[in-house]
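Commentary on secondary and tertiary structure
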Amino acid sequence: MQRIRLRYTKRGRLRFTSHRDFQRAFERALRRAEVPMAYSAGFTPHPRVSYANAAPTGTGSEAEYLEIALAAARDPGTLRALLDESMPAGLDIIDAVEARTSGLAERLTASVWELRLEGVEPADAEKAVAAFLDADAVEVQRRTKNGMRTFDTRGAVVSLEALSVPADRPLDSACAILRLVVRHLTPAVRPDDVLSGLRAVADLAPPVPAAVTRLAQGLFDEESGTVTDPLAPDREAVTAATPTAAVAADAKAPEGPAA
């Protein structure tokens, strides 16, 4: 059995698809692409697909991950292209690698988010960010299936900054852009929780809902302060297991007569 790990996106209007909607679209793509899936055991076998830390409905993403198990080996690049052709535009399969290591979900410990705040002056956003970062704790409330829950958002935030507005932005339209790096803790702190925290500490309230996009997720590197590619260990393992052309040629060359 071969395992393939895929990276996919949620772009444009497709950011409003739920995780269940994506599952249905992906399973249809598997059938269209005639992928030789491995199935679970039992009375109702299902394709062996494992999803990891899906983004909330309504947020875009450039870095969603899943793993599939195949009953027959396939080239990851060819498989990626076939699946991408079978998916709706906006739900794009952008990377694939053979799984050579364990624990993909354990490598998704942090995310990088971009929050686009239409109608907010950049100077107001900078003041709110400074107030948030200066606070020892920023408590917010969120309704869960067990009722309202209060939790601290500040502890999960590694960094938060206001970015420069793009040069092509119309001058008569205010817009602030925030870059957020947040650890995946329990309870999970989401971008909308951080926005609630900004409202609590600085009364920052965008007049329209923020456009939120996940740019990356993976292991947080303490030294560099960056979120690393979770598929990199698998690529490195594949490269290490592939002999160079010279080594392969030497291995196939017949031995000469003994001296």
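Since we're looking at a predicted model, the values are computed, not measured. (Residues numbered from 1 in each chain as written. Predicted model: local features only at pLDDT ≥ 70, side-chain atom pairs only at ≥ 80, totals over all residues. Heavy atoms only, no water.)

**So, helix 3 (residues 122-134)**
For helix 3, with 13 residues, the first-to-last C-alpha span of 18 Å sits near the 18 Å given by 1.5 Å per residue. For helix 3, the set of buried residues is Ala125, Ala128, Val129 and Phe132. Around the axis of helix 3, the buried residues are gathered within 105° of arc, so they sit on the same side. Those residues of helix 3 that are exposed and angled more than 90 degrees off the buried face are Lys127 and Asp134. Each element contacted by the buried residues of helix 3 is listed here: strand 8 (157-163), strand 9 (175-183) and helix 4 (191-202). (Helix = DSSP H or I, 4+ residues; strand = E, 2+ residues; numbered from the N terminus. Expected span 1.5 Å × (residues − 1). Buried < 20%, exposed > 50% of the residue type's maximum accessible area, 1.4 Å probe, protein only. Arc of directions from axis to C-beta. Contact = heavy atoms within 4.5 Å.)

**A closer look at the environment of Val227**
Looking at the element boundaries, Val227 is found in strand 12 (residues 226-227). Sequence separation of Val227 and Gln217 is 10 residues, and the distance between their C-alpha atoms is 6.3 Å. Apart from residues no more than four positions distant in its own chain, Val227 is found in contact with Ala110, Val112, Val181, Gln217, Gly218, Leu219 and Phe220.

**Looking at the pattern of salt bridges**
The full count for this structure, using the stated rule, is 16 salt bridges. Arg235 is paired through a salt bridge with Asp229; the nearest N and O atoms lie 2.5 Å apart. For Asp229, a relative accessible area of 33% translates into the label partly exposed. In the salt-bridge network here, residues are joined through shared partners; they are Arg3, Arg5, Glu67, Arg107 and Asp234. (Salt bridge = Lys/Arg side-chain N within 4 Å of Asp/Glu carboxyl O.)

**Observations concerning the pairing of strand 10 (residues 211-218)**
Alignment of strand 3 (residues 60-70) against strand 10, held across two bridges, turns out to be parallel. Bridge assignment links Ser61 to a residue of strand 10, and that residue is Arg214. Relative to strand 10, strand 5 (residues 110-118) is paired through seven bridges, and the arrangement is antiparallel. Its bridge partner being in strand 10, Trp113 is matched across the sheet by Arg214. (Pairing = 2+ DSSP bridges.)

**Observations concerning the confidence of the model for the protein**
Segments scoring low in pLDDT should not have their predicted coordinates read at a detailed level. Looking at the protein, the pLDDT average stands at 90 and 90% of residues meet or exceed 70. Per-element averaging of pLDDT across the protein places helix 6 (residues 245-252) at the bottom with 48 and strand 4 (residues 93-98) at the top with 98. Per-residue pLDDT stays below 50 along residues 245-249; that stretch engages in zero contacts with residues further than four places along the chain or on separate chains. (pLDDT = per-residue confidence, 0-100.)

**Description of the packing of helix 3 against helix 4**
Packed helices, taken two at a time, are described by the angle between their axes plus the distance between the axes. Axis separation between helix 3 and helix 4 bottoms out at 9 Å; the angle between their running directions is 95°. When the axis of helix 3 is compared with that of helix 4, the two are roughly perpendicular. Residues Ala128, Val129, Ala131 and Phe132 of helix 3 form the contact with helix 4, whose participating residues are Val194, Gly197, Leu198, Val201 and Ala202. Its residues placed into classes, the contact of helix 3 with helix 4 shows eight nonpolar, one polar and no charged. (Axes fitted to C-alpha atoms, helices over the stretch in contact; angles between N-to-C directions. Parallel < 35°, antiparallel > 145°, perpendicular 65-115°, else oblique. Nonpolar A, V, L, I, M, F, W, Y, C, P; charged D, E, K, R; others polar.)

**Description of the environment of Arg199**
Within the fold, Arg199 resides in helix 4. C-alpha of Arg199 to C-alpha of Val97: the two residues are 102 residues apart in sequence and 41 Å apart in space. Those residues within four positions of Arg199 in sequence are excluded, and the remaining contacts are Leu204 and Ala205.

**Looking at the packing of aromatic side chains**
Two descriptors summarise a pair of aromatic rings, namely the distance from one centre to the other and the angle between the planes of the rings. Within the structure shown, the criterion is met by three aromatic pairs. Aromatic pair Phe22 and Tyr51: ring centres 6.2 Å apart, planes at 85°, arrangement edge-to-face. Separated by 29 residues along the polypeptide, Phe22 in helix 1 (residues 19-32) and Tyr51 in strand 2 (residues 49-52) bring together distant segments of the chain. You can call Phe22 buried: its relative accessible area is 2%. Tyr51 gets classed as partly exposed once you look at its relative accessible area, which sits at 22%. Through a chain of ring-to-ring contacts, three or more aromatic side chains come together here, namely Tyr8, Phe22, Phe26 and Tyr51. (Phe/Tyr/Trp six-rings, centres within 6.5 Å; stacked < 30°, edge-to-face > 60°.)

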